[in-house]
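# Observations on chain architecture
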Amino acid sequence: MPSVEEQTAIDQVFQAADNDIRLLKAKGEKLREQNKGLIQKLLSGKVRLKINE
């Protein structure tokens, strides 16, 4: 059995990892929403892409 100090250190690592995962999931959701909006603008013709050849 690890010592109380070691258990506390392990817990802090897991809490930091959980926080990072939450932040990345939130960022991913925001990017998905932004993507949906951009696709709608492209499909509606409000925005056009310039293709350089």
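Residues numbered from 1 in each chain as written. Predicted model: local features only at pLDDT ≥ 70, side-chain atom pairs only at ≥ 80, totals over all residues. Heavy atoms only, no water.

This chain's UniProt record puts "coiled-coil region" (unreviewed entry) on residues 14-41. Annotation note: span residues 14-41, helix share 100%, strand share 0%, distance between end C-alpha atoms 41 Å. (UniProt positions renumbered as here; feature names shortened; annotations may be inferred. Helix = DSSP H or I, 4+ residues; strand = E, 2+ residues; numbered from the N terminus.)

Under the definition given, this model contains two salt bridges. Residues Arg32 and Glu29 are paired through a salt bridge, measuring 3.5 Å at the closest nitrogen-oxygen approach. Of the two residues, Arg32 and Glu29 both sit in helix H1 (residues 4-44), three residues apart, roughly one turn of that helix. Across the salt bridge formed by Glu33 and Lys36, the nearest N and O atoms sit 3.7 Å from each other. A residue pair is termed a helical-turn pair when its members lie 3 or 4 positions apart in one helix, as Glu33 and Lys36 do in helix H1 at three residues. (Salt bridge = Lys/Arg side-chain N within 4 Å of Asp/Glu carboxyl O.)

Side chains of Leu42, Val47, Leu49 and Ile51 sit close together on the surface and give an oily, nonpolar patch of about 410 Å² of accessible area. Tracing the backbone shows Leu42 in helix H1. Accessibility expressed as a relative area gives 38% for Leu42, which makes it partly exposed. (Patch = residues over 30% accessible without salt bridge, like charges linked within 9 Å, V, L, I, M, F, W, Y side chains within 5 Å. Areas by Shrake-Rupley, 256 points an atom, 1.4 Å probe, with all protein chains shown as cover. Buried < 20%, exposed > 50% of the residue type's maximum accessible area, 1.4 Å probe, protein only.)

A few words on the environment of Ile39. Note on placement: Ile39 falls in helix H1. What makes Ile39 partly exposed here is its relative accessible area of 38%. Counting along the chain gives 27 residues from Ile39 to Gln12, while the straight-line C-alpha distance between them is 41 Å.

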